[in-house]
Amino acid sequence: ALALGDVTKIRFARNAQGELCCPVLGKVFNENTNIVAVRTSGNVYCREAVEELNLKAKHMRDLLTDEAFVRKDVVTIQDPKDLRGKNVGEYDHLRRRPGA
């Protein structure tokens, strides 16, 4: 069973146009964005920001709140390269391919 303590409230940022975006790099989230959340703060970022500014820099503090976290606290919300759970046979560009 899932306990309330197992649930993390996540916080998405929006730009001036109301689009969901990375609060650090300003990149608008879309279906091709690798999106992660930091479990300890709940803040959502593009993976690029966390990789470059936290993991590679060995600066394991939330980019907005300065709250400490460890690598396992970085939770993937969307990974466009992960094909698990996707029916690639339904992709239009593959269905219309000659010889398919």
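Residues numbered from 1 in each chain as written. Predicted model: local features only at pLDDT ≥ 70, side-chain atom pairs only at ≥ 80, totals over all residues. Heavy atoms only, no water.

Please give an account of the side chain of Asp73 that cites residues and values.
Mapped onto the elements, Asp73 comes out in the loop between α1 (47–55) and β5 (74–78). We classify Asp73 as buried; its relative accessible area is 11%. In this structure Asp73 touches Ala37, Val38, Arg39 and Thr40, once residues within four positions along its chain are discounted. (Helix = DSSP H or I, 4+ residues; strand = E, 2+ residues; numbered from the N terminus. Buried < 20%, exposed > 50% of the residue type's maximum accessible area, 1.4 Å probe, protein only. Contact = heavy atoms within 4.5 Å.)

Hey, could you go over the sheet that holds strand β4 (residues 44–46) for me, with residue numbers and the actual values?
Strand order across the open sheet formed by three strands is β4-β3-β5, with antiparallel pairing between neighbours. Where the open sheet ends on each side, the last strands, each with one partner, are β4 and β5. Sheet twist, expressed as the mean angle between neighbouring strand axes with direction ignored, is 35°. (Pairing = 2+ DSSP bridges. Axes fitted to C-alpha atoms, helices over the stretch in contact; angles between N-to-C directions.)

Residues and numbers for the nonpolar core, please.
Counting 14 residues, the largest nonpolar core has Cys22, Phe29, Val44, Tyr45, Cys46, Val50 and Val74 as its most contacted members. For this core, the secondary-structure elements that each account for two or more residues are β3 (35–38), β4 and α1. If near-sequence neighbours (up to four positions away) are discounted, Cys46 is found in contact with Cys22, Leu25, Lys27, Phe29, Thr33, Asn34 and Val36. (Core = buried A, V, L, I, M, F, W, Y, C linked by side-chain atoms within 4.5 Å.)

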